[in-house]
Amino acid sequence: MSFTKESVNKTPIVDTVFVIVDKAKKAKEEVGAENVVDATIGSLYSEDGKLVALDTVFESLKKQDNQVLAKYATSFTGNPDFQKAVYDWVLDGNSKLYHEVIATPGGTGAVGMVVNECLEEGQTIILPEIAWGSYALMAQMHNLKVENYSLFEGDHFNLTSFKETCKKVMEVQDKLVMIINDPCHNPTGYSLTKEEWKEVVDFLNECSKTHKVVLLNDIAYIDFAYGQAKAKEYYSVFDGISDNIAVIVAFSLSKSMTSYGLRCGAAIIMAQQEEIVQEIKIVFEKEARATWSNINNGAMAMFVDVLENHLDEYNKERNYYVNLLKERSDIFVKEANEVGLKHYPYKEGFFVTLSMDNETRDKYHEALMANHIYTVKVNKGIRVAVCSLSLDKTKGLTKKMKDILDSLNK
Ligand code: PLP
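Just so it is clear, the model here is predicted, and its values are computed rather than measured.

Calculation criteria
Residues numbered from 1 in each chain as written. Predicted model: local features only at pLDDT ≥ 70, side-chain atom pairs only at ≥ 80, totals over all residues. Heavy atoms only, no water. Pairing = 2+ DSSP bridges. Helix = DSSP H or I, 4+ residues; strand = E, 2+ residues; numbered from the N terminus. Axes fitted to C-alpha atoms, helices over the stretch in contact; angles between N-to-C directions. Near = heavy atom within 4 Å. Polar contact = N/O pair within 3.5 Å; in protein donor to acceptor, adjacent residues only side chain to side chain. Areas by Shrake-Rupley, 256 points an atom, 1.4 Å probe, with all protein chains shown as cover. Nonpolar A, V, L, I, M, F, W, Y, C, P; charged D, E, K, R; others polar.

Student: What is the right way to look at the sheet that holds strand E11 (residues 351-355) in this model?
Tutor: Note on sheets: strands pair through backbone hydrogen bonds, and any given pair is parallel or antiparallel. Sheet architecture is open: 3 strands sit in the order E11-E14-E13, paired in antiparallel fashion. The sheet is open, and its two borders are formed by E11 and strand E13 (376-378), each paired with just one other strand. Between one strand axis and the next, the sheet turns through 35 degrees on average, direction left out of account. Bridge count for E11 against strand E14 (residues 381-385) is 5 bridges, and the pairing is antiparallel. If you follow Thr-353 over to E14, its bridge partner there is Arg-383.

The following block contains the structure:
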């Protein structure tokens, strides 16, 4: 008998990111930062190697009254002005569905709520095959089974695999819950086109004739999508969902406001029928109360203040980094294509992922480190965090990486 519940998986977390981040740090101390390529860090870094913390955001936070920073939020679901600001900012006028917003500790809180509260233990959640590791961990902690859909068919979204996976799960349970991490998928940098979203929704509408469907759309990186406001237009496709579907959008201030440590985000619950939204809201509100009680009041106040009073400054500051990220990823992808370094279809976002089988990946990852190039292993690939790589370090990198890959086969 153990001190924790028997049913929980007790294997320690293997944090594939922080171990390598640490190795890169040690290498910089030993051989000098100029001789190390550190493509491990999944946060936005400036050209001079510092974590980007947007001035607009942190000036607003520091100007909040002490009482605002000190007090509890006005409700377990978040402050009403925050809820409205989140909805307006995220949906940007692209949806007419009934909705409710629940403040959560980061995007993690929003995703976790869906994973914990929408399926019974032993049921199956549908996840992308190459994805943010926390999805599988959340599923494991709640004793859910996982079915993965393969993400790509050539250079586009693998709708065939998505459909087959849903159909397989429909044979064993009466509900479908799936995660689509779009736009700017972590770690591949793919974004579905509006047409691909339409095909997804058409298919889910078919499924919903016999099964309830919960679509979790994790948009953690949306504010770094290169299309900006255009990147939010796909939400209008959700207006075509049937009555038997709920869409939950997981929003995070971590990337949007560069405020990772403030732990603030939101779950936006959307459906055709108000009753469905309310049913989910009641449970999510109780989950919030029982788990984290309420959300950082100062972070919510800052978000409202930035969007209401400093929007132009915020957009200007953020867009500078959106453009910088695009410049970095353009160089990496262009040069990777020139030297023949294979990667998953990248459109936008913090990471580019090289595609390979897991056996090659393991050998390659070691070989890269032996050459002081630090990356992160993901399923079937190597993640390169262009978000934290300076232009200087990005230029010419793919040639070095390709040579190291080729040397493995000699
Ligand atoms: N979703 C994805 C795909 C992520 O990569 C992250 C963070 O890395 C999150 C959600 C949630 O982040 P946070 O809880 O900091 O908002």
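Student: Can you walk me through the site of the ligand in this structure?
Tutor: Close contacts around the ligand come from 14 residues, with Gly-107, Thr-108, Asp-218, Ser-252 and Lys-255 the closest. In the model, an oxygen atom of the ligand is placed 2.4 Å from a nitrogen or oxygen of the Thr-108 side chain. In this structure, an oxygen atom belonging to the ligand sits 2.8 Å away from a side-chain N or O atom of Arg-263. Calculation on the ligand without its partners gives an accessible area of 390 Å², and the protein chains cover 91% of this total. Residue assignment for the shell around the ligand shows that the elements contributing at least two residues are helix H5 (106-117) and helix H10 (253-256). Sorting elements by how many residues they give to the shell around the ligand places H5 first, with 3 residues. Considered class by class, the residues forming the shell around the ligand number 4 nonpolar, 7 polar and 3 charged.

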